Amino acid sequence: FFFLYLLGLSWTQDGKSKARKILIKIPLVRGLYYKLQTAQFANALSLLVSSGYDIHRSLEMAERIMEEESYKQKIHQALADLDQGQPLAEAINNMHIFKGIHGQVIKLAVQTGYMDTVLRDLSEEYTEDVERGVDQMIGIIEPTLVGTTELVIGGILLTVMLPLLGIMSSIG
């Protein structure tokens, strides 16, 4: 019923926002959601930079296509940092979208001029992480659903069979 409720919410923009807020509260889903958003951001930025847009314009366009409000705010702050003369690598790392070594890789990519290639690779890596995570979640959820279904069907059979057995024993 929970999933049907979320599906019903997703028909409108406001409903999508509510469904997203509900799903983000689930710890397993939260990590996958933010990795997916990071992959989308890296992919969008990679495509825009490789198409010849300057980084400022690319960040502006990426900001508009992001779904997650916190990502939009981080991108907006990076744009403000760039406008104040902060180096690109610092502005991107201050966003805290790319964690750990990925932040250092972005810094090197900016210095070497391979930003589009590195962003594309990071996007692919994050997407693969999300796919693995979804597969793991399915591996957890599927046996649980099968067990729950077995219990429900067993309960239904018992509620039907026990009265029939009582009737049969009273007849014969």
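Residues numbered from 1 in each chain as written. Predicted model: local features only at pLDDT ≥ 70, side-chain atom pairs only at ≥ 80, totals over all residues. Heavy atoms only, no water.

Along the backbone of the chain there are eight helices and zero strands. The linear arrangement of helices and strands in the chain, starting from the amino end, is α-α-α-α-α-α-α-α. Compactness check: the chain gives a C-alpha radius of gyration of 25 Å against a globular reference of 16 Å for 172 residues, more than 25% above the reference. Across its three principal directions, the C-alpha atoms of the chain cover 95 × 30 × 25 Å. Burial status across the chain gives 31% buried among its 172 residues. Split by element, the accessible area of the chain, about 11300 Å² in all, is 64% carbon and sulfur. (Helix = DSSP H or I, 4+ residues; strand = E, 2+ residues; numbered from the N terminus. Rg over C-alpha atoms; globule rule 2.2 N^0.38 Å. Buried < 20%, exposed > 50% of the residue type's maximum accessible area, 1.4 Å probe, protein only. Areas by Shrake-Rupley, 256 points an atom, 1.4 Å probe, with all protein chains shown as cover.)

Compared with an ideal rise of 1.5 Å per residue, which puts 24 residues at 34 Å, helix α3 (residues 27-50) spans 35 Å between its outermost C-alpha atoms and is within 8% of the ideal. Looking at α3, one finds that the buried residues are V29, L32, Y33, Q37, T38, A39, F41, A42, A44, L45, S46 and L48. One or two positions beyond α3, positive phi appears at G52, with a value near 105 degrees. (Expected span 1.5 Å × (residues − 1).)

At a minimum axis distance of 9 Å, the contact between α3 and helix α4 (residues 55-65) shows a crossing angle of 140 degrees. With respect to α4, the axis of α3 lies oblique. α3 and α4 meet at a crossing whose hand is right-handed. Seen from α3, the contacting residues are F41, A44, L45, L48 and V49; seen from α4, they are I55, S58, L59, M61, A62 and I65. (Axes fitted to C-alpha atoms, helices over the stretch in contact; angles between N-to-C directions. Parallel < 35°, antiparallel > 145°, perpendicular 65-115°, else oblique. Left-handed = near helix turned anticlockwise from the far one by under 90°. Contact = heavy atoms within 4.5 Å.)

F41 and F98 are the most contacted members of the largest nonpolar core, which totals 25 residues. Only α3, α4, α5 (69-83), α6 (88-93), α7 (101-112) and α8 (115-171) provide two or more residues apiece to this core. Excluding residues that lie within four positions of it along the chain, F41 makes contacts with L59, A62, M66, I75, M95, I97 and F98. (Core = buried A, V, L, I, M, F, W, Y, C linked by side-chain atoms within 4.5 Å.)

The subject of this paragraph is the environment of A44. Locating A44 in the fold gives a position in helix α3. On the accessibility criterion, A44 (9% relative accessible area) is buried. A C-alpha to C-alpha distance of 8.2 Å links A44 and S58, two positions 14 residues apart in sequence.

Right, let's get into the packing of α7 against α8. Close contact between α7 and α8 brings their axes to 8 Å; oriented N to C, the two are set at 160 degrees. Between α7 and α8, the crossing angle belongs to the class labelled roughly antiparallel. In the packing of α7 onto α8, the handedness of the crossing is right-handed. Seen from α7, the contacting residues are H102, V105, I106, A109 and V110; seen from α8, they are M115, V118, L119, L122, E125 and Y126. Partitioned by chemical class, the residues of the contact of α7 with α8 number nine nonpolar, one polar and one charged. (Nonpolar A, V, L, I, M, F, W, Y, C, P; charged D, E, K, R; others polar.)

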